[in-house]
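Secondary and tertiary structure notes
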Amino acid sequence: MTSMSSSMLPFLICLLFSLSCVTSARPHEDFLQCLSLHSEDSTAISKVIYTPKNSSYSSILHFAIRNPRFNSSELKPFVIVTPTDASHIQATIHCSQKHKLEIRIRSGGHDFEGLSYMSTVPFVIVDLINLRSITVDATNKTAWVQAGATIGELYYRIAEKSRTLAFPAGSCPTVGVGGHFSGGGYGTISRKYGLASDNVIDAQLIDAKGRILDRESMGEDLFWAIRGGGGQSFGVVIAWRIKLVEVPPKVTVFTAARTLEQNATKLIHRWQYVANQLPEDIIIDVLVNRVNSSEEGKSTIQAAFFSLFLGEVDQLLLLMQESFPELGLAKDECTEMSWIESVIYIIGFPSNASLNVLLDRTPQPPSLQFKAKSDYVQEPIPEIAFEGIWKRFFEKDIEVPEFFMLPYGGKMDEISESSTPFPHRAGNRYIFVPVVSWSEETKEASQRHLAWIRRLYRYMTPYVSKNPRAAYVNYRDLDLGVNNLGYTSYKQASIWGRKYFKNNFDRLVRVKTEVDPTNFFRNEQSIPPLSSW
């Protein structure tokens, strides 16, 4: 018997190998069959499933990829599901668990590192593009917005009901509310009203067990976690109930561009002392980039100070004369308009553009590859440090270097750091966001530009937050550290977790452990449960 067993061993190994090949050769069919069996309407779900065999697969996949750097990635999904009903998501969760597939949730596709549509392990995309209904209750100043809607669509629907109601979220109209709200959501009226997540009053979430939970049934700990802790760590948020805010019939905007020859360095330096101390009715952001100089063949640095003031122009001019006279703001640089028109102005559309542009989910060409990072600044950066940045901006082989400076203060200082997982409150003057973009589609060009922004990040080390060096979770940056998709130690996870969440990290871990102990909802920078360490 022993000798027979030994002689049979190679055959058995071969047989087992062959069986495993047979099993792995039909994963699509097994997964799709599972979806059909666990759907309330198998015909309906079949219409929202795309595999590589479908002619529409590529267009569905690439439509919401906002960073062309990832267009050619080989890390493509096994299946794309575009649910029209919560039951489709429930079936996808069940079948993904059964067949050991990762789930990536895509709302608008703006993830800076492409984590909403890429993975190094077999995975499924749940693209929420069909779950985008918005119901505005102007009387009670609330709205329900499904997670697949964009910020632009939300603003448009609010404006349909009222020109004096708004919502404090971001400026880019194609950003999906699902990811934006779950990471915080900072925008032009956040100094007045806080973040998008600060104004969420209810939510609907599907957890790892397939249950549909609202605020009452999920409990306050989980409701706390999804408002700034990155909702994809805890389940699939399918809708948010939000509190709308009041804005005046007329607001004022301005853009004041100043070059190095017009004292841009001194103005930027002075802005650091002013912007977070201004009244909460005003925000002044700064975009700094390299532009062509008036001298032919030369470049210079330009700082564009762009602002939204919740009031009329004469009030704004008086305020600027008192608080930031160095800018020399003139009345002809200012324009009065409605709040919804200011949304279009800040995006950069022409002044005569229709509000319908807010409904367009298509990225505006040209679309460049890019890499972005983020830092929080707590003490003013000296002028000499900015001059060091200019030297790096003038490097000839870098196509489009720029950075944004977005001020905090106002309401952001008043909300407790522990009220939501978003930890960047009092003590932060502004967020510094360097970005580098390029059009050259070669590996060498990508490596060159990535190396450049990483050098800039190292250069900024003495001037930004420390212990930990903080970052904004919505500006995802894998350079900060990643989880292994298998075993991840507490030490590994806390390296990036504390950079993002500081003192809130331990509470987030506890919530994650309670709601998703098997770590089904995960990606390279999600919150892992204690049970996985």
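Going by the structure above, here's the rest.
Below you will find a few notes about this structure. These numbers come from a predicted model, not from an experiment.

What to know about the overall build of the chain
Within the chain one finds 18 helices and 19 strands. Here the C-alpha atoms of the chain give a radius of gyration of 25 Å, agreeing with the 24 Å that 2.2 N^0.38 yields for 533 residues. By residue count, 56% of the 533 residues in the chain fall in the buried class. In the chain, the proportion of contacts linking residues at least 24 apart, taken out of those at least 6 apart, comes to 73%.

A closer look at the side chain of Asp375
Relative to the elements of secondary structure, Asp375 occurs in strand S17 (residues 375–377). Engagement of the side chain of Asp375 in a polar contact is seen with the side chain of Arg469, the distance being 2.8 Å. Those residues in contact with Asp375 that lie beyond four places of it in its chain are Tyr430, Ile431, Phe432, Tyr457, Met460, Val464, Arg469 and Ala470.

Digging into the pairing of strand S3 (residues 102–106)
Buried residues dominate S3, accounting for 4 of its 5 residues. Bridge analysis of S3 against strand S4 (residues 123–127) gives 5 bridges, and the strand direction is parallel. Residue pairing in the sheet places Arg104 in a bridge with Ile125 of S4.

Looking at the packing of aromatic side chains
Per the counting criterion, the structure on display carries 23 aromatic pairs. Their ring planes at 85° and their centres at 5.8 Å tell us that Phe422 and Tyr472 sit as a pair that is edge-to-face. Separated by 50 residues along the polypeptide, Phe422 in the loop between helix H15 (411–414) and strand S19 (430–438) and Tyr472 in the loop between helix H16 (443–459) and helix H17 (490–501) bring together distant segments of the chain. Look at Phe422 and you get buried, because its relative accessible area is 1%. Note on Tyr472 and Tyr475: the rings are 4.7 Å apart at their centroids and 75° apart in plane angle, and the pair reads as edge-to-face. Residue classification places Tyr472 among the buried residues on the basis of a relative accessible area of 3%. By way of ring pairs, the aromatic residues Phe386, Trp390, Phe393, Phe403, Phe432 and Trp452 are connected into one cluster. Over the ring of Tyr457 we find Arg469; its NZ or CZ atom is 3.6 Å from the centre of that ring. For the cation-ring pair, Arg507 lies above Trp224, with the distance from its terminal atom to the ring centre recorded as 3.9 Å.

Concerning the packing of helix H11 (residues 264–274) against helix H14 (residues 383–393)
Running from N to C, H11 and H14 point in directions that differ by 130°, and their axes come no closer than 10 Å. The pairing of H11 with H14 is recorded here as oblique in orientation. Here the hand of the crossing between H11 and H14 comes out right-handed. Contacts between H11 and H14 pair Thr265, Lys266, Ile268, His269 and Gln272 from the former with Glu383, Phe386, Glu387 and Trp390 from the latter.

Some details on the environment of Arg522
Looking at where Arg522 falls in the secondary structure, it is placed in the segment after helix H18 (505–515). Sequence-wise, Arg522 and Ile89 are 433 residues apart; in three dimensions their C-alpha atoms are separated by 16 Å.

As for the state of the cysteines
Tallied over the full model, the rule gives 1 disulfide. A disulfide bridge connects Cys34 with Cys95, and the sulfur atoms are separated by 2.1 Å. Where Cys34 bonds to Cys95 through sulfur, the torsion about that S-S bond is close to -90°, and the disulfide is left-handed. On the criterion of sequence distance, the pair formed by Cys34 in helix H2 (residues 27–37) and Cys95 in helix H5 (residues 86–98) is long-range, its members being 61 residues apart. For Cys34, a relative accessible area of 3% gives the class buried.

Re the sheet that holds S4
If you walk across this open sheet you meet the 4 strands as S1-S2-S4-S3, and the pairing is mixed. Of all the strands in the sheet, the pair left with one neighbour each is strand S1 (49–50) and S3. Across 2 bridges, S1 lies against strand S2 (residues 79–81) in antiparallel orientation. Considered in S2, the bridge of Tyr50 is made with Ile80. Docked against the sheet, H5 engages S2, S3 and S4, running at close to 170° with respect to S4.

Structural notes on the side chain of Ser190
You can see Ser190 is positioned in helix H8 (residues 190–193). For Ser190, a relative accessible area of 0% gives the class buried. Here the side chain of Ser190 touches Gly187 through a polar contact of 2.9 Å, landing on its backbone nitrogen. With near-sequence residues (within four places) excluded, Ser190 lies in contact with Pro168, Gly185, Leu195, Lys411 and Met412.

Conventions adopted
Residues numbered from 1 in each chain as written. Predicted model: local features only at pLDDT ≥ 70, side-chain atom pairs only at ≥ 80, totals over all residues. Heavy atoms only, no water. Helix = DSSP H or I, 4+ residues; strand = E, 2+ residues; numbered from the N terminus. Rg over C-alpha atoms; globule rule 2.2 N^0.38 Å. Buried < 20%, exposed > 50% of the residue type's maximum accessible area, 1.4 Å probe, protein only. Contact = heavy atoms within 4.5 Å. Polar contact = N/O pair within 3.5 Å; in protein donor to acceptor, adjacent residues only side chain to side chain. Pairing = 2+ DSSP bridges. Phe/Tyr/Trp six-rings, centres within 6.5 Å; stacked < 30°, edge-to-face > 60°. Lys NZ or Arg CZ within 6 Å of the ring centre and 35° of its normal. Axes fitted to C-alpha atoms, helices over the stretch in contact; angles between N-to-C directions. Parallel < 35°, antiparallel > 145°, perpendicular 65-115°, else oblique. Left-handed = near helix turned anticlockwise from the far one by under 90°. Disulfide = S-S within 2.5 Å.

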